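Geometric and topological summary
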Amino acid sequence: DSRQLGVGIQHILELFEQNLRAHEEELGHIDAIAGDGDHGQGMVLGSSGAVHAGRKALERGAGARTLLVHAGTAWAESAGGTSGALWGAALTAAGGVLSDEADADPATKTRALLAAVDALQRLGGAQPGDKTMIDAAAPFAQTLEKEFNRCGDLFTSLSAAAVTAKAAAERTAELTARLGRARVLGEKSLGTPDPGAISFAMLMEALANHLGQ
Ligand code: ADP
Ligand code: MG
Ligand code: MG
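Note that the structure is predicted; figures quoted are calculated from it, not measured.

**A look at the overall build of the protein**
- A count of helical and extended segments in the protein gives nine helices and zero strands.
- Reading the protein from its N terminus to its C terminus gives the helix and strand order α-α-α-α-α-α-α-α-α.
- Against the 2.2 N^0.38 benchmark of 17 Å for 213 residues, the protein shows a C-alpha radius of gyration of 16 Å, consistent with a compact globule.
- Taken along its principal axes, the extent of the C-alpha atoms in the protein is 50 × 40 × 30 Å.
- A burial count over the protein gives 55% of its 213 residues as buried.
- For the protein, the proportion of contacts with a sequence separation of at least 24, taken over those separated by at least 6, is 66%.

Dropping the structure here:
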């Protein structure tokens, strides 16, 4: 049922927080080159806020939908910053696809992931090439959708999408930033990947590995 799904989602949020804590310093260093250096800190605060909100929602008997809506709101509020607002909106949008009563089949889970990326694009307004997390998230969504339509297996599709996202995130090093804080120091960012793209790819890789267990 949806509560079981909620418990699974809560595990994923905890996994995100662990991964982000392990890479907090590294993400901060990447952001410091052309931004303000707080990306690692923002992602740790956001994910940890989401974990706390998710736990509280589960304690109150919430299903997957409510859990993700609360976790998303908490992520945005706890993180502050651009990436926090975007990740919060992504979680909330994913929750909007899920139900508080029923479990989700693989097609619904895929649609939830696609809705999350859609929210990132709509709220941030970034285009591919602007050197943001969209440079990883957009090709991730394209691969996920294409692979899922081809094989119907979430783990296979998500694994392929995570590989695509990682390669795309690394390629953002070749771009000059045009949006966000980094726009002021755009030229300086050449040769360094976008921190938001790197963290996005990292979390999708962790998610794919988790589903494979
Ligand atoms: P802040 O820029 O407020 O300090 P963070 O450092 O946490 O926030 O996040 C920076 C990341 O946010 C960038 O690396 C980029 O990936 C992402 N970002 C910034 N602006 C946008 C946008 N308009 N659309 C999508 N992602 C964006
Ligand atoms: Mg920053
Ligand atoms: Mg900042």
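**Focus on the packing of helix H3 (residues 39-59) against helix H5 (residues 81-97)**
- Here H3 crosses H5 at 30°, and the two axes come no closer than 9 Å. One element, H3, and the other, H5, form an angle in the roughly parallel class. The chirality of how H3 crosses H5 is right-handed. Counting all contacts with H3, which are made through His39, Gly42, Met43, Gly46 and Ala50, the residues of H5 involved are Gly81, Ser83, Gly84, Trp87 and Leu91.
- Its residues assigned to classes, the contact of H3 with H5 shows four nonpolar, six polar and no charged.

Basis of the calculations
Residues numbered from 1 in each chain as written. Chains lettered and ligands numbered in written order. Predicted model: local features only at pLDDT ≥ 70, side-chain atom pairs only at ≥ 80, totals over all residues. Helix = DSSP H or I, 4+ residues; strand = E, 2+ residues; numbered from the N terminus. Rg over C-alpha atoms; globule rule 2.2 N^0.38 Å. Buried ≥ 20, exposed ≤ 12 C-beta atoms within 10 Å, placed from the backbone. Contact = placed C-beta atoms within 7 Å. Axes fitted to C-alpha atoms, helices over the stretch in contact; angles between N-to-C directions. Parallel < 35°, antiparallel > 145°, perpendicular 65-115°, else oblique. Left-handed = near helix turned anticlockwise from the far one by under 90°. Nonpolar A, V, L, I, M, F, W, Y, C, P; charged D, E, K, R; others polar.

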